[in-house]
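# Report on the structure
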Amino acid sequence: MAQTIAQQVRWPHLVSRMTSATPEAFGDGGAPLNLIGGEWTLPGTPRPVTSPVDGSVLGALPFIGAADATRAVQLAAAEGPAWATTDLDERRACVSVALEALRAHRDLIARILIWEIGKPLAQAEVDVDRCISGVEWYVDGMEEMMRGRQPLGLVSNIASWNYPFSVLMHAVLVQALTGNAVIAKTPTDGGLFSLTLGFALARRAGLPVSLVSGSGGELSEALVRSPEVDCLAFVGGRSSGRQVAAAVVDQRRRHMLEMEGVNAYGVWEFSDWASLADQIRKGFDYGKQRCTAYARFVVQRRLLPQFLEAYLPVVRGLRVGNPTLTDGPGDQLPKLDFGPLINAAQVQALREQAQRAMDAGAMPIYTGELDRARFLDGQDDSAYLAPMALLAPPRSSDIYYKEPFGPLDTIVVVDRPDELIAEMNVSNGALVGSLACDDPAVGNDLLAQVRAFKTGLNKVRSRGDREEVFGGTGESWKGAFVGGAYLVQGVTRGPEGERLFGNFPDYTLQPAAR
């Protein structure tokens, strides 16, 4: 039977469902609007939204300019004082209503995410589910976490496209729960429709949230530097993050800036290859488009043959394809390890990185090919990339120092423990790092020297949003750490002179001066 797009995820069907659910958030023809001052308004200057799944145009981002962004920030800040004095029980009730609405639309949101950011259905469902369950945890425990604390005022959010709900929407709801007004920028590369729906549901629940779309250059003056902004939460690359950091640090403004780093997995005096193979496979979730993906393997030279025997069958067996297709009467979506990358430009950038490294001497040990049976005949597949792996990338190549943010692995061979540590610490700080080692004493001693915030012995680490704190070291993170009570502390004011747990310059941060 020829493959077709499953009826349950056909885009016109999803547009009809989302506009019926929240008609106030969409203009003519289902065009998303901006949420400013509690009103859905301003279609702005349309910028086409193209799906990575097949290159089709889904709609248009409602880009606004600097003046409208400034007005949006001012109106958002004006909602802060009344919300800050709202009783915590009432805030919890409002957030709970928003969560129930998200749960009721969970299947719709997940299917929208397939088209917007290319996540296979199971991974899209996890994104939504983690948002809901994570915020529920804060609702249940917020009374204790808020004891002796007050909201800051207005929290501004600029986040990447890869986790619109488990990262961005989750953060927004917790920030509102703590008594802050919240404004967020729609990620330009993905998440417009799902977040428009999510913010509309949150606004209906009575939460003071705002959502705007526009280019980072146009909106940064308002969302980062406006005196009305009391705290900034940023997730993105180091180049943009450095510019943001310069602004918020100079103004002594609260901030949580999560940036890239080369997360490394070391292999030293190790023998349990079946368990490592399982971790390698799980590591390709969403094509390694994650801040906690392991992009580099640093392997003891004598173990390289065994490592490759574990690694290569995994990458050969990865299922990559169009996540919207069905080939049976049950309208079932395919089980994939990952679908497209976020866009064709990212695929091209990774191919060029790999080629530059090979031109400089790196050895290609695996170059995958796409299985045509997992695509529609003639469809645009320019955003898809099968796994690639390079051995011994030279120090002159950019892939040696830079996080690829995609299914392009590098493997470095070492002979001594000090070489292992040096190669694992190549990016001056990372979010996570792991080591495969049979001897726990040796493994933990080596991990103590790895410049990553979370480390794991014979296991991978992830972001986490609840009891466990999350941050980074070196250039991978700036500002307050998050997770559990630390997330609450990051967006609230405690005792005078309080020092927050995080990567800060040597001074006590206070909210921005009015």
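About the criteria used
Residues numbered from 1 in each chain as written. Predicted model: local features only at pLDDT ≥ 70, side-chain atom pairs only at ≥ 80, totals over all residues. Heavy atoms only, no water. Buried < 20%, exposed > 50% of the residue type's maximum accessible area, 1.4 Å probe, protein only. Helix = DSSP H or I, 4+ residues; strand = E, 2+ residues; numbered from the N terminus. Pairing = 2+ DSSP bridges. 1 Å grid on protein atoms, 1.4 Å probe; cavity = no way out; pocket = protein on both sides within 12 Å on 5 of 7 lines; lining within 4 Å. Points joined across faces, edges and corners; volume = space filled by probe spheres on them. Nonpolar A, V, L, I, M, F, W, Y, C, P; charged D, E, K, R; others polar. Axes fitted to C-alpha atoms, helices over the stretch in contact; angles between N-to-C directions. Parallel < 35°, antiparallel > 145°, perpendicular 65-115°, else oblique. Left-handed = near helix turned anticlockwise from the far one by under 90°. Contact = heavy atoms within 4.5 Å. Lys, Arg positive; Asp, Glu negative; His and termini not counted. Salt bridge = Lys/Arg side-chain N within 4 Å of Asp/Glu carboxyl O. Polar contact = N/O pair within 3.5 Å; in protein donor to acceptor, adjacent residues only side chain to side chain. Expected span 1.5 Å × (residues − 1).

### Some points on the pairing of strand 16 (residues 388–391)
- Side chains Met388 and Leu390 of strand 16 all project onto a buried face; the interleaved residues Ala389 and Leu391 project onto the opposite face, where all are buried too.
- Note: strand 15 (residues 363–367) against strand 16, four bridges, orientation antiparallel. Each residue of the ladder has a partner; that of Pro364, found in strand 16, is Leu390.
- Direction of pairing for strand 16 relative to strand 17 (residues 408–414): parallel, over a ladder of four bridges. Bridge assignment links Ala389 to a residue of strand 17, and that residue is Asp409.

### Considering empty space enclosed by the protein
- The full count for this structure, using the stated rule, is four cavities of 30 Å³ or more.
- Reported here for the largest cavity is a volume of approximately 200 Å³.
- Looking at the largest cavity, it is lined by 18 residues, and the ones nearest its centre are Val167, Ala171, Ala233, Val235 and Arg463.
- Looking at the lining of the largest cavity, the elements that each hand over two or more residues are strand 7 (154–158), helix 7 (164–177), strand 10 (231–235) and strand 11 (254–258).
- In terms of residue class, the lining of the largest cavity is built from twelve nonpolar, three polar and three charged.
- The volume enclosed by the second largest cavity comes to roughly 60 Å³.
- Going through the elements one at a time, helix 11 (273–282) and strand 13 (294–300) are the ones with two or more residues in the lining of the second largest cavity.
- Among the elements that take part in the lining of the second largest cavity, helix 11 stands out by supplying three residues, more than any other.
- The residue makeup of the lining of the second largest cavity, split by class, is six nonpolar, two polar and one charged.

### Topic: the packing of helix 6 (residues 121–145) against helix 7
- Running from N to C, helix 6 and helix 7 cross one another at 20°; their axes reach a closest spacing of 8 Å. Viewed along their axes, helix 6 and helix 7 adopt a mutual orientation that is roughly parallel. As helix 6 packs across helix 7, the resulting crossing turns out to be right-handed. Contact with helix 6, carried on its side by Asp127, Val128, Arg130, Cys131, Gly134, Val135, Tyr138, Val139 and Met142, involves Pro164, Phe165, Ser166, Met169, His170, Leu173, Val174 and Leu177 of helix 7 and no other residues of that element.
- Within the contact of helix 6 with helix 7, the residues separate by chemical class into twelve nonpolar, three polar and two charged.

### What to know about the side chain of Arg290
- Relative to the helices and strands, Arg290 resides in the loop between helix 11 and strand 13.
- Despite being buried, Arg290 has no salt bridge partner; Asp285 is the closest side chain of opposite charge, sitting 4.5 Å away.
- Side-chain polar atoms of Arg290 contact the backbone oxygen of Gly283, separated by 3.1 Å.
- Arg290 has contacts with Asn162, Tyr163, Gly283, Phe284, Asp285, Glu403 and Phe405, leaving out every residue within four places of it along the chain.

### Let's talk about the layout of surface pockets
- In this structure, the second largest pocket spans a volume of roughly 260 Å³.
- Here the lining of the second largest pocket gets four residues from one element, more than from any other, and that element is strand 4 (residues 45–50).
- The residue makeup of the lining of the second largest pocket, split by class, is eight nonpolar, six polar and five charged.

### Structural notes on helix 9 (residues 216–225)
- All buried positions along helix 9 are accounted for by Leu219, Ala222, Leu223 and Val224.
- In the core, the buried residues of helix 9 are packed alongside helix 2 (66–78), strand 7, strand 8 (181–185), strand 9 (209–212), strand 10 and helix 10 (238–250).

### Concerning the side chain of Ser160
- Looking at where Ser160 falls in the secondary structure, it is placed in the loop between strand 7 and helix 7.
- Note on Ser160: relative accessible area 18%, which makes it buried.
- A polar contact is formed between the side chain of Ser160 and the side chain of Asn162, at a distance of 2.7 Å.

### Focus: helix 4 (residues 88–104)
- Between the first and last C-alpha of helix 4 there are 24 Å, a value that for 17 residues agrees with the 24 Å anticipated at 1.5 Å per step.
- Here helix 4 has its buried residues at Leu88, Arg91, Arg92, Cys94, Val95, Ala98, Leu99, Ala101 and Leu102.
- Against the buried residues of helix 4 lie helix 3 (80–84), helix 5 (106–117), helix 6, helix 7 and helix 8 (192–204).
- Its side-chain oxygen placed 2.9 Å from the backbone nitrogen of Asp89, Asp87 serves as the N-cap of helix 4.

### Some details on the pattern of salt bridges
- Overall, the coordinates contain 31 salt bridges when judged by the stated rule.
- Residue Glu144 is joined to Arg147 by a salt bridge in which the shortest nitrogen-to-oxygen separation is 3.0 Å. Both residues of the pair, Glu144 and Arg147, count as exposed.
- Put simply, Arg372 and Asp381 hold a salt bridge, and the shortest N to O gap is 2.6 Å.
- A relative accessible area of 43% places Arg372 in the partly exposed class.
- Since its relative accessible area comes to 24%, Asp381 is described here as partly exposed.
- Connected via shared salt-bridge partners are Arg106, Asp107, Glu125 and Asp129.

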